[in-house]
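So the chains spell out like this:
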Amino acid sequence: MMRIVFRIFADSMNHFIMKNLVKVILFTLTGLLLFASMFQKATHVWDFKKLNGVEVPIPQPSLTFQNCRDGSFQERTEGYLKQNFGFREPLVRLYNQYLWDCYQKTPVGAGILTFGKDGWLYEPWVVADYYQIQFRNYAYDSAQMASMLTEEAHRVLQLQQLLEPYGTRLFVCQVPAKDLICPEHLPENQDKRFDDEPKISARFFNEEKYTQLGVNHLNLEQWFLQMKDTADFPLFPKTGTHWSYYASLFAADTLIRYMEHLGDINMKNIVIGPRTLDKAHNSDDDLESLLNLIRPLPNSQYYYADASIEEDTAAVMPKLITVGDSFWWSISNQIPMNSIFSSSPYWYYNSTIYFDDNYSSVNEVNLAEQLLSADFIMLFYSATQQYKLNNDFTKDALIALCYDPEEIASVRTTLEQIIRSDSSWMEKLKDKAASQYKTLDETVNNEVKWLINNNPGKYFPALNDSLPTKRSRCVDAYFNIDSLTFIEQEVEKVIQQIKGDEKQMQDINQKALKYGKTFEQALYDDALWVVNYKLEQGILQIPSRSRKNSCHGKNQSKI
């Protein structure tokens with residue numbers, strides 16, 4: 001009897017499967033795909049190439065009664081899963097390639113890329129700046145933008161004049177953008193909303209204002225325009241947004257010569273080696289990489305060359321601090337900066353610090369000390385980034401040089417108390433913190449910073465003077481420091497750096513055992529050796545008025 005029942009059941013299943021074979025296959029494949037995706041997400045057994053572009057990670061939300069009730073848990077979970085499902089990278093690239101091959105479209109284009117003529121790629125804000133409407137992202141109208149740019153130009157002049165007596169030369173480098181150098185490939189202006197309203201472009205406004213005020217500045221954009229028709233190499237790549245990698249070498253050489261002229265010193269020269277043709281790489285195809293396609297686009301070839309430094313025993317090696325945008329990467333990644341400068345930290349958008357052994361963020365540094373230790377400070381922004389007003393660097397620098405740390409802290413504390421005592425204000429900041437995935441304390445701190453930067457003269461009135469006479473005690477303290485105290489401070493910095501590195505801590509422990517020292521003594525000795533080595537190599541220099549003043553005006557410039 002059981003055999004008959006089993007046979008009937010088996011025949012029925014076979015009949016069902018044969019009748020619905022396609023559905024069964026699709027259901028099975030779907031189940032396998034879902035399982036494989038979950039397996040990949042959990043184990044990452046396949047290591048795929050990461051997608052290009054900037055993406056803000058969405059943290060996995062925790063379930064609470066409140067966020068489940070208001071729907072925010074579901075919304076954030078959906079966003080988290082979109083970023084973290086298995087096989088995301090190859091599936092996104094496959095989908096992008098399908099759209100590109102079949103429809104010449106890409107989901108990346110909206111807000112990130114603009115397609116020009118002849119297959120040229122641009123960033124949308126670069127196109128907007130050419131048609132002089134980019135300022136709309138920073139001001140209500142051209143009059144307000146002009147006022148903001150004027151105020152910033154005056155702050156740059158203030159900082160330049162304030163630092164000069166201490167031997168620090170501040171200057172602006174106006175970096176070219178692709179729109180003005182290669183306008184023939186730009187798409188037509190599609191945004192007609194502001195055609196009848198007054199327009200403004202930061203690049204032209206700043207050039208006129210800097211010249212009028214006497215701000216030290218080097219306009220590389222004008223230089224690029226002058227050599228556009230004579231250069232035998234592309235100044236900007238077809239599928240990249242930055243100047244071509246090869247062109248940046250010549251820009252670096254010009255920068256060195258400008259610093260020699262500004263400081264009246266002799267610096268080491270850049271030697272550009274023989275050039276070779278190759279397919280686009282490095283930053284020459286950085287916009288194409290955002291498309292995240294499986295196959296590369298057909299590209300032109302570009303020139304590449306190695307750079308070396310000419311030996312010159314009579315040359316000085318100044319310290320350079322660069323505050324600027326991403327155009328500096330192509331220079332700093334090609335040029336052996338340590339052979340030209342004693343130190344060359346890069347303050348990326350006045351936020352993250354690169355090429356510095358001691359600091360990784362501008363928030364970590366003693367700003368006044370850093371400014372006074374530099375021989376040159378360069379504000380290095382392309383035309384489309386000049387609307388950002390140097391990312392508040394000049395405001396922060398003027399406040400740090402003119403006010404004591406306790407005075408600055410007092411202003412911030414007072415503002416924070418005002419904010420926290422206003423229930424309506426705090427409710428808005430709570431909503432803002434939730435929407436930006438930040439803590440409330442972070443959001444309050446950012447609000448305090450915004451208030452100060454929006455009107456620094458209101459809270460620090462000395463900045464309203466044409467040239468502030470008030471000085472922070474940090475200024476005199478920096479130059480009056482004795483050698484022993486300076487060395488001890490630098491040793492402590494190295495100690496803290498070693499403590500943050502587990503491998504270095506293990507090495508110190510092994511040295512202590514080997515030489516019969518206590519761990520603390522071995523740590524101190526190692527840090528002291530590092531500081532002495534930096535002093536011997538000229539990487540670190542003991543501050544003094546005589547040293548800073550001797551770096552300028554004592555060596556005949558080569559130009």
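Residues numbered from 1 in each chain as written. Predicted model: local features only at pLDDT ≥ 70, side-chain atom pairs only at ≥ 80, totals over all residues. Heavy atoms only, no water.

Caption draft 1: View of the overall build of the protein chain. Scanning the protein chain for helices and strands turns up 25 helices and 12 strands. Counting only residues that meet the buried cut, the protein chain has 45% of its 559 residues in that class. Across the protein chain, contacts joining residues at least 24 apart in sequence account for 75% of those joining residues at least 6 apart. Within the structure as shown, the protein chain displays about 30,400 Å² of accessible surface, and the carbon and sulfur contribution to it stands at 55%. (Helix = DSSP H or I, 4+ residues; strand = E, 2+ residues; numbered from the N terminus. Buried < 20%, exposed > 50% of the residue type's maximum accessible area, 1.4 Å probe, protein only. Contact = heavy atoms within 4.5 Å. Areas by Shrake-Rupley, 256 points an atom, 1.4 Å probe, with all protein chains shown as cover.)

Caption draft 2: Quick peek at the packing of helix 22 (residues 483–499) against helix 24 (residues 519–537). Where helix 22 contacts helix 24, the two axes come as close as 8 Å, and the packing angle between them is 120°. With respect to helix 24, the element helix 22 is oriented oblique. In terms of crossing hand, the pair formed by helix 22 and helix 24 is right-handed. Taken together, the residues of helix 24 that come into contact with helix 22 (itself represented by Ile487, Glu488, Glu490, Val491, Val494, Ile495, Ile498 and Lys499) are Leu523, Tyr524, Asp526, Ala527, Leu528, Val530, Val531 and Leu535. (Axes fitted to C-alpha atoms, helices over the stretch in contact; angles between N-to-C directions. Parallel < 35°, antiparallel > 145°, perpendicular 65-115°, else oblique. Left-handed = near helix turned anticlockwise from the far one by under 90°.)

Caption draft 3: Focus on helix 19 (residues 440–454). For helix 19, with 15 residues, the first-to-last C-alpha span of 21 Å sits near the 21 Å given by 1.5 Å per residue. Taken together, the buried residues of helix 19 touch helix 16 (393–402), helix 17 (405–420), helix 18 (423–435) and helix 20 (456–459). (Expected span 1.5 Å × (residues − 1).)

Caption draft 4: Broad picture of helix 22. With 17 residues, helix 22 extends 24 Å between its outermost C-alpha atoms, agreeing within 8% with the 24 Å of an ideal straight helix rising 1.5 Å per residue. The set of residues buried in helix 22 consists of Phe486, Ile487, Glu490, Val491, Val494, Ile495 and Ile498.

Caption draft 5: Structural detail: the sheet that holds strand 10 (residues 346–348). If you trace the six strands from one edge of the open sheet to the other, you get 4-3-12-9-10-11, paired in mixed fashion. What marks the edges here is a single partner per strand, and that holds for strand 4 (217–219) and strand 11 (352–354). Taking the axes of each pair of neighbouring strands and ignoring which way they run, one obtains an average angle of 20° across the sheet. Sheet contacts for helix 11 (residues 220–227): strand 3 (169–175) and strand 4; angle to strand 4, the most-contacted strand, approximately 25°. (Pairing = 2+ DSSP bridges.)

Caption draft 6: A look at the side chain of Thr168. Locating Thr168 in the fold gives a position in the loop between helix 8 (142–163) and strand 3. Here Ala374 takes part through its backbone oxygen, which lies 2.7 Å from a polar atom of the side chain of Thr168. (Polar contact = N/O pair within 3.5 Å; in protein donor to acceptor, adjacent residues only side chain to side chain.)

Caption draft 7: Highlighting unusual backbone geometry. Residues other than glycine seldom take positive phi values, yet Leu389 does so here, at roughly 55°. Its location among the elements puts Leu389 in the loop between strand 12 (376–382) and helix 16. What makes Leu389 buried here is its relative accessible area of 11%. The residue Asn391 is not glycine, and still its phi comes out positive at about 50°. With respect to the helices, strands and loops of the structure, Asn391 is situated in the loop between strand 12 and helix 16.

Caption draft 8: Highlighting the nonpolar core. Residues Leu159, Trp347, Leu371, Leu372, Ile377, Phe393 and Leu401 are the most contacted members of the largest nonpolar core, which totals 50 residues. Sort the elements by how many residues they give to this core and helix 16 lands first, with seven residues. Of the residues that make up this core, three or more belong to each of domain 3 (114–390) and domain 4 (404–459). In contact with Phe393, other than residues within four places in its own chain, are Leu159, Val323, Trp347, Asn350, Leu371, Ile377 and Leu379. Grouped together as the second largest cluster of nonpolar side chains are 47 residues, Cys182, Ala252, Leu262 and Phe327 included. (Core = buried A, V, L, I, M, F, W, Y, C linked by side-chain atoms within 4.5 Å. Domains from an automatic or database assignment.)

Caption draft 9: Here's a closer look at the packing of aromatic side chains. With the rule as written, the count across this model stands at 31 aromatic pairs. Aromatic pair Phe171 and Tyr258: ring centres 5.2 Å apart, planes at 55°, arrangement tilted. Of this pair, Phe171 sits in strand 3 while Tyr258 sits in helix 12 (residues 245–263), and the two are 87 residues apart along the sequence. Phe171 gets classed as buried once you look at its relative accessible area, which sits at 0%. (Phe/Tyr/Trp six-rings, centres within 6.5 Å; stacked < 30°, edge-to-face > 60°.)

Caption draft 10: View of the environment of Gly79. Structurally, the position occupied by Gly79 is in helix 4 (residues 72–84). In this structure, the C-alpha to C-alpha distance between Gly79 and Gln60, residues 19 residues apart in sequence, is 9.0 Å.

Caption draft 11: Main features of the packing of helix 23 (residues 502–515) against helix 24. Interaxial distance between helix 23 and helix 24 falls to 8 Å at its minimum, and their mutual angle equals 115°. By the angle between their directions, the pair helix 23 and helix 24 is classed as roughly perpendicular. Where helix 23 crosses over helix 24, the handedness of that crossing is right-handed. Residues Met505, Ile508, Asn509, Lys511 and Ala512 of helix 23 form the contact with helix 24, whose participating residues are Phe519, Ala522, Leu523 and Asp526. A breakdown of the residues in the contact of helix 23 with helix 24 according to their chemical character gives six nonpolar, one polar and two charged. (Nonpolar A, V, L, I, M, F, W, Y, C, P; charged D, E, K, R; others polar.)

Caption draft 12: Spotlight on the pattern of salt bridges. Taken as a whole and assessed by the stated rule, the structure comprises 22 salt bridges. Here Asp392 makes a salt bridge to Lys395, at a shortest N to O gap of 3.4 Å. By relative accessible area, which is 21% here, Asp392 ends up partly exposed. Among the charged side chains, a network of salt bridges with common partners joins Asp129, Asp179, Arg203 and Glu221. (Salt bridge = Lys/Arg side-chain N within 4 Å of Asp/Glu carboxyl O.)

No statement about biological role is implied by the geometric values presented.
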